[in-house]
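# Per-entry structural report
Below, each chain spelled out in residue letters.
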Amino acid sequence: MEAAGRGGRKARRRRAKKNMNTAGSPEECPVCMTGYDGTVQRPRTLPCGHTVCTLCVDQLKVQGRVACPECRVSHSVPVGGQFPVSYAFEAFIKMMRDAEVAAAAAEAAGKNEAAGLSKKMRSFLQEQEATVVAAITACREAQSQLDQYQTTLAGWGKRQQQLEDRLLGLVDQSRSARELLQQEESRAAAKEEELKKGEQGLQAVLETLRTLTTEQEAGAAVTEVFRVTGEAEQAVEECREGFPNASTVTTARKVNMTSSAALEAVQAALETLPTEEPRPQADPDSTVMDRLHLIWTGSLTAEDLRSLTQPARRLLEAGRVFAVHQAEGQCRHARISLEAGQLWLHALKDHPLPRGAATLQVSEVVPPSPPCTVFLELSWPGSAPRRVQIRLSPDTPRGRQFLLLCTGQRGPSYVNTRLFHVKRKGQAGEYVKGGDYESNDGRGSSAMLPGLGEGAYRKSGRAGAVFGLRGTDPTRGECGHFGIYTRDRQDGRGSRRVFGEVVDGLHVVAEAAQHRDIKEVTVADCGVVLRG
C-alpha cells in the first residue's frame, strides 16, 4: 500500500513536470504563442482576468463580443473597440527583459574582463550599455504613448463615422422628400392638363349651343353637353379630393424644418469658432497623451462628458472640468466630478480655475427645468458627508426653484444651510425641514420664483417624498423651505405639494432626523447628477 502511494506521488510529479514543460512563457500570448511587444501585440486584459495580445483579441471578435480562449467566458467589446492594456503586465515583462539585458551585459563584461580589457575600457563600455538600455526604454515608452494615441484617434474616427452616417441619413431623407414633391408636382401638372382639355371641350360645346338651327342638331348637342360636363365635373371632384396630398406635404415640411434647423445650428457653431486655434504651450518633457489633453482642453463638449471619452475621463479624474455660469456681470464656476461611474455637477462657487481647466457652459449640461436628479450632501458632527439623491418631478415651480438652489444659478444655494426642525420625531409621518437659504433658522420666507403654489403637484405621505413648506410668516406664503418624509404616514394623509422623491440616501435623512440636534445637520454640498 505504501509502495502504491509512492507510485501515485511519482505519477503526479511527472504530470506536473510535463505541464510545466508544455505551458507557455508568461511573456507570450497564450493563443499565438508570440512574445508581447509595445506596439501591435500589447497584452490586453479581459474582464475575466486572462490576458491576450491585441492581434488575437481582434481575431476573436465576433458580432461585438470576444470569447476568452482560456475560460471561454464571453465578453462584450468596450465602446472604444479595445480591451484595456495590462500596464502592470507590461511593466513585469519590461522588468524581466531588463533583467535579461543586465545579465547579458554582466556576462559580456565578464568576457571582456577575461579577454584582457583594461578597467577604464570596461567602465566606458558599461556606460555605453547603460545608454543603450535607456534608449530602449525610451523607445518602448514612446511606442506605448503612440498606441494610446492611436486608440484615441480610432475612437474619434468611429464617432465621426457615426456623425457622417447621421448626416447622410438626413441627406437621404431630404432627397426622398424632394422626390415626393416632384411626383406630386407631376401629378398636379397632369391633372391641370386634364382640366384644361375639359375646359376647351366645354367652350366648344358652348359655341355649338349658340349656333344651333334645327331640332336634330339640338338633340345631338344636348347629348354632347351631358358627356362633356360629366367629365369636367369628375375632373374637378378628383382635384378637390386628391390635392393637396397630406402625407407628401407633411413629410416635406418636417424634413425641411429638420434640415433647416441642422444647418442653422452648424452655421451658428462655425461662427463662434475662433479664426485661429491657440497653440498650447506644452512642457518639452511631456508625453504624447499629455500634449493631446492640453490641446483637448479647449474643445470639451457636453457630448464628450455624456459618452465619457478617454480625454474627458482623464480631465475629470484630474479635477479639471468646470461648468461656467455668468449672470449680472459675475462669473462663477461649478466643478464636475466623476465618482463611481456617475457625473456630478457641484454648486456654483467663486473660486479660481486651476491651470489647464476645461470649461463649458452650465446651460449645456444642466436642464432648464425638471425632470432631473439633484443631490444634497448632508453632514453633522461625528458623521462624514453623505449624499441624498432626489428625483424632481416635471411641471412644478417648486421643482424648478429646488433645481436653481441646488446649482446656485440665481445666486443663493443650499450649500451651508441647516436642517432646522424635525416634525413628529420617532413617530409615523416623521419629516425633516430645511432649505432656509435666507436666514438659516426657519424664519426666512424668500421665494426665488413666483407662483410656487401653482403647478402639477401630487399628494403623498410616503417616506422619501419631498414637498414644499410655507414660511413662518403666513402673510408671505410660499418660500424656499422643503420637507422630506422619513417615515410613512399611517392615516392616509400627506402633503399636497410634493415635487420630488428621494431615490437614493433616504437612510441618511432618517439618521439625520435622529441626531441629537437637527440644527447641527448641514448641507455641505449640493448639485445635479448629470449622468447616472
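About the criteria used
Residues numbered from 1 in each chain as written. Predicted model: local features only at pLDDT ≥ 70, side-chain atom pairs only at ≥ 80, totals over all residues. Heavy atoms only, no water. Axes fitted to C-alpha atoms, helices over the stretch in contact; angles between N-to-C directions. Helix = DSSP H or I, 4+ residues; strand = E, 2+ residues; numbered from the N terminus. Contact = heavy atoms within 4.5 Å. Nonpolar A, V, L, I, M, F, W, Y, C, P; charged D, E, K, R; others polar. Buried < 20%, exposed > 50% of the residue type's maximum accessible area, 1.4 Å probe, protein only. Pairing = 2+ DSSP bridges. pLDDT = per-residue confidence, 0-100. Salt bridge = Lys/Arg side-chain N within 4 Å of Asp/Glu carboxyl O. Phe/Tyr/Trp six-rings, centres within 6.5 Å; stacked < 30°, edge-to-face > 60°. Polar contact = N/O pair within 3.5 Å; in protein donor to acceptor, adjacent residues only side chain to side chain. Parallel < 35°, antiparallel > 145°, perpendicular 65-115°, else oblique. Left-handed = near helix turned anticlockwise from the far one by under 90°.

## Focus: the packing of helix α4 (residues 119–210) against helix α9 (residues 310–317)
Contact geometry of α4 with α9 gives a least axis separation of 10 Å together with a crossing angle of 115 degrees. Judged by residue contacts, Gln 148, Thr 152 and Trp 156 of α4 engage Gln 310, Pro 311 and Arg 314 from α9. Its residues assigned to classes, the contact of α4 with α9 comprises 2 nonpolar, 3 polar and 1 charged.

## What about the pairing of strand β16 (residues 478–485)?
For β16, the buried fraction is high: 8 of the 8 residues fall into the buried class. The sheet contact formed by strand β13 (residues 431–434) and β16 spans 4 bridges and is antiparallel. In the strand pairing of β16, Gly 434 is matched with Phe 482. Examined bridge by bridge, strand β15 (residues 465–470) and β16 share 4 bridges and lie antiparallel to one another. Residue pairing in the sheet places Val 466 in a bridge with Ile 484 of β16.

## Overview of the confidence of the model for the protein chain
Do not read the fine detail of predicted coordinates wherever pLDDT is low. Predicted confidence across the protein chain gives a mean pLDDT of 83, with 85% of residues reaching 70 or more. Between the elements of the protein chain, mean pLDDT differs from a low of 44, seen in helix α1 (residues 2–22), to a high of 97, seen in strand β10 (residues 372–380). Counting interchain partners and residues more than four positions distant, the pLDDT-below-50 stretch residues 8–23 has 0 contacts. Low pLDDT, under 50, characterises residues 272–281; the stretch is placed with 3 contacts to residues that sit more than four places away or in other chains.

## Here we look at the pattern of salt bridges
Pairing of side chains with opposite charge becomes possible as their charged atoms draw close. A complete count under the given rule lists 20 salt bridges for this structure. As a salt-bridge pair, Arg 42 and Glu 90 come within 2.8 Å of each other at their nearest N and O atoms. Remark: Glu 90 occurs in helix α3 (residues 87–114) and Arg 42 occurs in the loop between α1 and β1 (43–45); sequence separation between them is 48 residues. For Arg 42, a relative accessible area of 0% puts it in the buried group. Arg 187 is paired through a salt bridge with Glu 184; the nearest N and O atoms lie 3.2 Å apart. With Arg 187 and Glu 184 both in helix α4 and 3 residues apart, the pair spans about one turn of that helix. Among the residues examined, Arg 187 registers a relative accessible area of 37% and is labelled partly exposed. Because the salt bridges share partners, they merge into one network encompassing Arg 42, Arg 44, Glu 90 and Asp 147.

## Observations concerning the packing of aromatic side chains
Each aromatic ring pair is specified by the distance between its two centres and by the angle formed by the two planes. Under the counting rule described, the total for this entry stands at 8 aromatic pairs. When the centroid spacing of 5.4 Å and the interplanar angle of 75 degrees are considered together, the rings of Tyr 431 and Tyr 485 count as edge-to-face. Placement of the pair is Tyr 431 in strand β13 and Tyr 485 in strand β16, with a sequence separation of 54 residues. Per residue, the accessibility class of Tyr 431 equals that of Tyr 485, and both read buried. Through pairs of rings, three or more aromatic residues link up here, namely Phe 402, Tyr 414, Phe 482 and Phe 499.

## Describing the pairing of strand β7 (residues 330–339)
Strand residues, when the strand is regular, have side chains that alternate between the two faces of the sheet. As paired elements, strand β6 (residues 321–327) and β7 share 6 bridges and run antiparallel to each other. Looking at the pairing, His 325 lines up with Arg 332 of β7. In this structure, the hairpin formed by β6 and β7 is closed by a connection of 2 residues, where Glu 328 is found at a positive phi of approximately 55 degrees. In terms of strand pairing, β7 meets strand β8 (residues 342–346) through 4 bridges, oriented antiparallel.

## A short note on unusual backbone geometry
For the bond from Phe 243 to Pro 244, the omega torsion is -5 degrees, close enough to zero to count as cis. Examined against the element boundaries, Pro 244 turns out to sit in the loop between α5 (215–242) and α6 (246–272). Across the junction of Pro 370 and Pro 371, the peptide omega takes the value 15 degrees, indicating a cis bond. With respect to the helices and strands, Pro 371 occurs in the loop between α10 (362–365) and β10. Its identity as a non-glycine residue notwithstanding, Asn 416 has a phi of 70 degrees, on the positive side. With respect to the helices and strands, Asn 416 occurs in the loop between α11 (397–407) and β12 (421–423).

## Focus: the environment of Ser 247
Tracing the backbone shows Ser 247 in helix α6. Here Ser 247 falls in the exposed class, since its relative accessible area comes to 52%. Sequence separation between Ser 247 and Leu 180 is 67 residues, and the spatial gap between their C-alpha atoms is 9.6 Å.

## Considering the side chain of Ser 337
Within the secondary structure, Ser 337 is located in strand β7. The exposure class of Ser 337 is buried, given its relative accessible area of 5%. A polar atom in the side chain of Ser 337 sits 2.8 Å from the side chain of Glu 339. Separated by 2.8 Å, the side chains of Ser 337 and His 346 make a polar contact. What Ser 337 contacts, discounting residues up to four positions off in sequence, is Gln 342, Leu 343, Trp 344 and His 346.

## Some points on the packing of α4 against α5
Between α4 and α5, whose axes approach to 9 Å, the crossing angle comes to 155 degrees. If you check the angle between α4 and α5, you find them roughly antiparallel. Of the two possible hands of crossing, α4 and α5 adopt the one that is left-handed. Together, Glu 184, Arg 187, Lys 191, Glu 194, Leu 195, Gly 198, Gly 201, Leu 202, Val 205, Thr 208 and Leu 209 of α4 and Ala 221, Glu 224, Val 225, Val 228, Thr 229, Ala 232, Ala 235, Val 236, Glu 238, Cys 239 and Gly 242 of α5 make up the contact between the two elements.

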